[in-house]
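Understanding the architecture of this molecule
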Amino acid sequence: MSLLITIDTNPDFAPKNALPAPERLISGNPSFKTWAQDASKGEKVLTGVWEATPGETHSIKGTTFEFCHILSGVIEIEEKGGETRRYRAGDSFVMKPGFVGVWRTIETVRKIYVCHYD
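Residues numbered from 1 in each chain as written. Predicted model: local features only at pLDDT ≥ 70, side-chain atom pairs only at ≥ 80, totals over all residues. Heavy atoms only, no water.

Assigned secondary structure in the protein chain consists of 0 helices and 9 strands. Beginning at the N terminus, the succession of helices and strands in the protein chain can be written as β-β-β-β-β-β-β-β-β. Here the C-alpha atoms of the protein chain give a radius of gyration of 14 Å, agreeing with the 13 Å that 2.2 N^0.38 yields for 118 residues. The principal-axis extents of the C-alpha atoms in the protein chain amount to approximately 45 × 30 × 30 Å. Out of the 118 residues in the protein chain, the part that is buried amounts to 36%. Counting contacts in the protein chain only where the partners sit at least 6 residues apart, residues at least 24 apart contribute 65% of the total. For the protein chain, the exposed area adds up to about 7,200 Å²; of that, 53% sits on carbon and sulfur atoms. (Helix = DSSP H or I, 4+ residues; strand = E, 2+ residues; numbered from the N terminus. Rg over C-alpha atoms; globule rule 2.2 N^0.38 Å. Buried < 20%, exposed > 50% of the residue type's maximum accessible area, 1.4 Å probe, protein only. Contact = heavy atoms within 4.5 Å. Areas by Shrake-Rupley, 256 points an atom, 1.4 Å probe, with all protein chains shown as cover.)

Now the structure itself:
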């Protein structure tokens, strides 16, 4: 097995479909698709592509570290007690453990993610 992984940004296999947990939903009717592409370190590091339709949800990272690179779409992330930032195709950001805020999908978004779970 190779230790070099290429992330397919337009996978040809079926995604895992999901909806936000009711307690996380703020507004809209967002749905999520996840194309998991790699798991390492005993499933503690996950990588793949994720897509969300417009809506607004609570984002609570707990002990998770997440790197995101936006492939398409537009989102806003409002950190609790902080500012609101807008991200679009080509932008990258990190949500560190302990992050709490609001994730707003303005236009259907697709991102590459790398999550590290403690």
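Having seen it, we continue.
Here we come to the environment of His 58. Within the element layout of this structure, His 58 appears in strand S5 (residues 55-60). By relative accessible area, which is 36% here, His 58 ends up partly exposed. Each C-alpha atom, one on His 58 and one on Glu 78, is 9.6 Å from the other, the two residues being 20 residues apart in sequence. The contact partners of His 58, leaving out residues within four places of it in the chain, are Glu 23, Arg 24, Ile 26 and Gly 101.

When you tally the buried positions in strand S4 (residues 45-52), you get 7 out of 8 residues, the bulk of the element. Judged from the 8 bridges that link them, strand S3 (residues 32-40) and S4 form a sheet pairing that is antiparallel. Bridged to Ala 39 within S4 is Leu 46. Counting the residues that bridge the hairpin from S3 to S4 gives 4 residues, and of these Lys 41 lies at a positive phi of roughly 55°. In this sheet, strand S9 (residues 100-116) lies alongside S4 in antiparallel orientation, the contact comprising 8 bridges. What sits directly across from Gly 48, in S9, is Tyr 113. (Pairing = 2+ DSSP bridges.)

It is worth spelling out the UniProt feature "domain: (S)-ureidoglycine aminohydrolase cupin" (unreviewed entry) in the protein chain at this point. The UniProt record annotates "domain: (S)-ureidoglycine aminohydrolase cupin" (unreviewed entry) at residues 41-113. Across residues 41-113 one finds 0% helix and 71% strand; the C-alpha atoms that close the span lie 16 Å apart. (UniProt positions renumbered as here; feature names shortened; annotations may be inferred.)

Tallying each qualifying case throughout the model produces 4 aromatic pairs. For the pair Tyr 87 and Phe 93, a centre-to-centre distance of 4.3 Å together with 25° between the ring planes defines the contact as stacked. Grouping residues by exposure puts Tyr 87 and Phe 93 together as buried. An aromatic cluster of three or more residues is present, and its members are Phe 32, Trp 50, Tyr 87, Phe 93 and Trp 103. (Phe/Tyr/Trp six-rings, centres within 6.5 Å; stacked < 30°, edge-to-face > 60°.)

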